[in-house]
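Tertiary structure, described
Listed here are the chains, written in short residue letters.
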Amino acid sequence: MIEVMVIVGLASVVLWFIFGRERAVTIEEVPPKWAPILEEKVRYYRALTPEKKKDFKIEVARFFSYVKINGVHFDVTLEDRLLVAASAVIPLFGFPGWDYQHLDEVVLFPRHFDREFNFQDPKEMITGLVGNGPMEGKMILSVIALRAGFDNTQDKENVGIHEFIHIHDKEDGEIDGVPAAFVDKSFVLPWLKQVEGEMSAIHNRESSLQSYGGTNKQEFLAVAGEYFFERPHLLKKKHPELYSMLVKTFNQDPTELLSKSEERPLELGRNSPCPCGSGEKYKHCCLA
């Protein structure tokens, strides 16, 4: 949701900052305790080759070096920090050396919140937000929703990836629903035509994309992008043309990486935390 208002040298295992960031990160700087957490929690990481896993961890370390992660009224765990970083790395993994120029801090709230940043008795159920104005450079995420996005690989949703796609969208100066990778204007018109058709299908309830993707072009890109990384095989089957354009957008093809067998549903009991990130029990929230 958006607010309304390298180069890799495998021989030396060094990743250099570009876009004005000069610090280099080496694999020796990556703590060993990161790997088991990423292996358990991040399906995308788990599917990578050993060399690509090294690259992924270096990108995580590089992300930590220029983006702060803070919690509001709770202690942020290493797992939470790694899930934030994984959310950031996945959309850009096809572009080694790219980073997020319009981000300096991610703020984690203990549950969903509203536009006044109230989470005790919120008037809305916002799980992720990219700030502007006084909040420029900030991203706010519900930590419950962040965790649920990686626990459930069946629901096409991942709030962390969703919000980082918005930040990536902003690399060309504004969040406009046109991928930053489409610097060649010849790609822009086909993309906009594709978006128009897909949004029309959403409005007519003829699409497998989440209805929120029909809000505007900006949200369509983020919704389609999280679907692309969460359920790539299903998206490719149901929306092959869109899938092909997203392969160009992110310069990667998740169907070549992720196994269909791992697109498994999250097993929920009535008393399980609701996967929407509300903080309520499933029986009192989405099940009801």
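Just above sits the structure.
Thresholds applied
- Residues numbered from 1 in each chain as written.
- Predicted model: local features only at pLDDT ≥ 70, side-chain atom pairs only at ≥ 80, totals over all residues.
- Heavy atoms only, no water.
- Pairing = 2+ DSSP bridges.
- Helix = DSSP H or I, 4+ residues; strand = E, 2+ residues; numbered from the N terminus.
- Axes fitted to C-alpha atoms, helices over the stretch in contact; angles between N-to-C directions.
- Contact = heavy atoms within 4.5 Å.
- 1 Å grid on protein atoms, 1.4 Å probe; cavity = no way out; pocket = protein on both sides within 12 Å on 5 of 7 lines; lining within 4 Å.
- Points joined across faces, edges and corners; volume = space filled by probe spheres on them.
- Nonpolar A, V, L, I, M, F, W, Y, C, P; charged D, E, K, R; others polar.
- Polar contact = N/O pair within 3.5 Å; in protein donor to acceptor, adjacent residues only side chain to side chain.
- Right-handed = clockwise from strand over helix to strand, strands pointing away.
- Expected span 1.5 Å × (residues − 1).
- Buried < 20%, exposed > 50% of the residue type's maximum accessible area, 1.4 Å probe, protein only.
- Arc of directions from axis to C-beta.
- Phe/Tyr/Trp six-rings, centres within 6.5 Å; stacked < 30°, edge-to-face > 60°.
- Lys NZ or Arg CZ within 6 Å of the ring centre and 35° of its normal.
- Lys, Arg positive; Asp, Glu negative; His and termini not counted.
- Salt bridge = Lys/Arg side-chain N within 4 Å of Asp/Glu carboxyl O.

1. Quick notes on the sheet that holds strand E7 (residues 138-142)
Within the open sheet, the 4 strands sit side by side as E4-E5-E7-E6. Their pairing is mixed. At either end of the open sheet lies a strand with only one pairing partner, and these are strand E4 (68-71) and strand E6 (128-130). This sheet shows a mean twist of 15° between the axes of neighbouring strands, independent of strand direction. Inspection of the sheet shows E6 paired to E7 by 3 bridges, in the antiparallel sense. Bridge pairing in E7 places leucine 129 opposite isoleucine 140. Where helix H5 (residues 143-151) meets the sheet, its contacts fall on strand E5 (105-109) and E7, and the angle it forms with E7 comes to roughly 75°.

2. Re empty space enclosed by the protein
To find the voids left in a structure, one rolls a probe of water-molecule size over its atoms. Reported here for the largest cavity is a volume of approximately 110 Å³. What lines the largest cavity is simply Lys41, Val42, Arg43, Tyr44, Ile90, Phe150, Thr153, Ile161, Phe229, Glu230 and Leu258. Every element with two or more residues in the lining of the largest cavity is listed here: helix H2 (43-46) and helix H8 (217-230). Looking at the lining of the largest cavity residue by residue, the classes come out as 7 nonpolar, 1 polar and 3 charged. A volume near 90 Å³ is recorded for the second largest cavity. Listing elements by their share of the lining of the second largest cavity, those giving two or more residues are helix H3 (50-66) and helix H4 (78-92). Among the elements that make up the lining of the second largest cavity, the one with the highest residue count is H3 (4 residues). Here the residues of the lining of the second largest cavity sort into 8 nonpolar, 1 polar and 3 charged.

3. Quick word on the environment of glutamate 219
In this fold, glutamate 219 is placed in helix H8. Glutamate 219 sits 56 residues away from glutamate 163 along the chain, and the two C-alpha atoms are 9.6 Å apart. Here histidine 162 takes part through its side chain, which lies 3.0 Å from a polar atom of the side chain of glutamate 219.

4. Comments concerning the pairing of E4
As paired strands, E4 and E5 are joined by 4 bridges and run parallel to one another. Within E5, the position partnered with lysine 68 by the bridge is glutamate 105. With H4 bridging E4 and the parallel E5, this β-α-β connection has left-handed handedness.

5. Here we look at H8
The terminal C-alpha atoms of H8, which comprises 14 residues, lie 20 Å apart, in line with the 20 Å expected from a rise of 1.5 Å per residue. Across the 14 residues of H8, 13 count as buried, placing the element largely inside the fold.

6. Here we look at helix H1 (residues 34-41)
Side chains of residues three or four places apart in an α-helix project in the same direction, reflecting 3.6 residues per turn. When H1 is considered as a whole, its buried residues turn out to be Trp34, Ile37, Leu38 and Lys41. In a view along the axis of H1, the buried residues occupy a sector of 95°, so they form one face of it. Away from its buried face by more than 90 degrees, H1 exposes Pro36 and Glu40. Along its buried surface, H1 packs onto H2, H3, H4 and H5.

7. Looking at the packing of aromatic side chains
Working definition: an aromatic ring pair is given by the centre-to-centre distance plus the angle between the planes. Throughout the structure, instances matching the rule amount to 19 aromatic pairs. Taken together, a centroid distance of 4.3 Å and an interplanar angle of 20° make the contact between phenylalanine 95 and tryptophan 98 stacked. Judged by its relative accessible area of 25%, tryptophan 98 falls in the partly exposed class. An aromatic cluster of three or more residues is present, and its members are Tyr44, Tyr45, Phe56, Phe93, Phe228, Phe229, Tyr243 and Phe250. A cation sits over an aromatic face here: arginine 81 above phenylalanine 64, 4.3 Å from the ring centre.

8. Remarks on the side chain of glutamate 219
Despite being buried, glutamate 219 has no salt bridge partner; arginine 115 is the closest side chain of opposite charge, sitting 8.0 Å away. One polar contact links glutamate 219 to tyrosine 212, side chain to side chain, over a distance of 3.5 Å.

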